[in-house]
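Residues per chain are reported as follows:
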Amino acid sequence: MAALPPPVPPTAVGIDLGGTKIAAALVGADGTISSRASLPTPAAAGPEAVLDAIAELAAPLLAAAAAAGAPALGVGIGAAGVIDPATARVLSATDHLPGWAGTDLRAGLGARLEIHPSAVHAVNDVHAHALGEGWLGAAAGASSVLLAAFGTGIGGSLLLEGVPLFGARQVGGHLGHVPSVEAAGLRCPCGGTGHLEAIASGPSLHALYLRSGGDPEVPDARAVFDRAAAGDRLALSAIDTAATAAGRALGGLANALDPASVIVSGGLADAGDSWWAPLRAAFAAELIGPLASLIPQPAALGADAALAGAASLLLAPAASTHLPASKEPTPCC
């Protein structure tokens, strides 16, 4: 009798859904990412149009997996907003995606892709980033991971043995809304005052530069960093204040949580030493003795982290333990 061919490792489609762009890729069981595609997010057209765009990206990837004989277990999504991972329903969202709150990703994509709804899983996009870094990236193998993302906003995730801590109301990881001394009296986008996001996000750093007397022609945080590289004293001061606030908050969280690894991602994490040096110094100054060797590290996977992390909801057993799934997952398509 002829020997049977070896089984083909499963795949899954990973989706990274943001307010401006939707990225998709086919992800293998070993984390290999292939067949990338992307579309602008049709946010202004409403949630049905966004679901249509996700399906437009995912359908050919599922078909490609089937044609290659690699069984696709389904579609994993890292989505903007507060997501219920057990139902893949959007619980709340910002104005970047109008009408997004209440969207049922599982039902909407199951119908559009003609797959069983249980083959669609979703988490918040920052949780997806953390899952990717914990599976394949800078925190691979770590028993616990604190990830903080500093960009237009500030988000985060705590992984325990590969599983995100979502919290009782699914809002775990909102690190931008911890108190910050540097943000005292400053209005946060959430409506509160004195939160970390009011001083340490990209837009808040830019606003601080302008409040300090900086050149009003400087349009955004990226340009503030350009000015700092050219020696602009006010730009350097604004960066130092924002990064110190970030490091101090992360150090306090590390004291409370004792993570094995602290990972920093987001647009500001690419800004260079003028941001990293004060962040690490403030972080170290906050730590209690037993944590003295802990040093924040940059994320390693870039934009691929969310794609891999979203797909890991189906491919990596630890990441999916919070989801209602059978012990023996079967291909969806």
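Residues numbered from 1 in each chain as written. Predicted model: local features only at pLDDT ≥ 70, side-chain atom pairs only at ≥ 80, totals over all residues. Heavy atoms only, no water.

Comments concerning the packing of helix H5 (residues 202-211) against helix H6 (residues 221-229)
At step 1: Axis separation between H5 and H6 bottoms out at 8 Å; the angle between their running directions is 55°. Compared by their axis directions, H5 and H6 come out oblique. Crossing of H5 over H6 shows left-handed handedness. Contacts between H5 and H6 pair Gly202, Leu205, His206 and Tyr209 from the former with Ala221, Val224, Phe225 and Arg227 from the latter. (Axes fitted to C-alpha atoms, helices over the stretch in contact; angles between N-to-C directions. Helix = DSSP H or I, 4+ residues; strand = E, 2+ residues; numbered from the N terminus. Parallel < 35°, antiparallel > 145°, perpendicular 65-115°, else oblique. Left-handed = near helix turned anticlockwise from the far one by under 90°. Contact = heavy atoms within 4.5 Å.)

Quick word on helix H3 (residues 125-136)
At step 1: Taking 1.5 Å of rise per residue, twelve residues should cover 16 Å, and H3 covers 16 Å from first to last C-alpha, within 8% of that figure.
At step 2: Of the positions making up H3, those classed as buried are Val126, His127, Ala128, Ala130, Leu131, Gly132, Glu133 and Gly134.
At step 3: Considering only its buried residues, H3 is in contact with strand S4 (72-79), strand S7 (120-124), strand S8 (144-150), strand S9 (154-160), strand S10 (163-164) and helix H9 (304-315).
At step 4: Near the N-terminus of H3, the side chain that reaches the backbone nitrogen of valine 126, with its oxygen 2.8 Å away, is that of asparagine 124. (Expected span 1.5 Å × (residues − 1). Buried < 20%, exposed > 50% of the residue type's maximum accessible area, 1.4 Å probe, protein only. Polar contact = N/O pair within 3.5 Å; in protein donor to acceptor, adjacent residues only side chain to side chain.)

A short note on unusual backbone geometry
At step 1: Unlike most non-glycine residues, glutamate 161 shows phi in positive territory, near 50°.
At step 2: Note on glutamate 161: relative accessible area 58%, which makes it exposed.
At step 3: Positive phi is not limited to glycine here, since glutamine 170 has a value of about 70°.
At step 4: Within the secondary structure, glutamine 170 sits in the loop between S10 and helix H4 (197-200).

Here we look at the sheet that holds strand S2 (residues 21-28)
At step 1: The strand order across the open sheet formed by five strands is S3-S2-S1-S4-S7, and the pairing between neighbours is mixed. What marks the edges here is a single partner per strand, and that holds for strand S3 (33-40) and S7. Between one strand and the next, the sheet's axes are offset by a mean angle of 20°, whatever the strand orientation.
At step 2: As judged from the six bridges shared by S2 and S3, these two strands associate in the antiparallel manner. What sits directly across from alanine 24, in S3, is alanine 37. (Pairing = 2+ DSSP bridges.)

A few points about the packing of aromatic side chains
At step 1: Applying the stated criterion to the full structure yields two aromatic pairs.
At step 2: When the ring of phenylalanine 150 is compared with that of tryptophan 275, the centres are 5.7 Å apart and the planes differ by 70°; the resulting orientation is edge-to-face. With phenylalanine 150 in strand S8 and tryptophan 275 in helix H8 (residues 273-286), this pair connects stretches of sequence that are 125 residues apart.
At step 3: What makes tryptophan 275 buried here is its relative accessible area of 0%.
At step 4: Through successive ring pairs, a cluster of aromatic residues spans Phe150, Trp275 and Trp276. (Phe/Tyr/Trp six-rings, centres within 6.5 Å; stacked < 30°, edge-to-face > 60°.)

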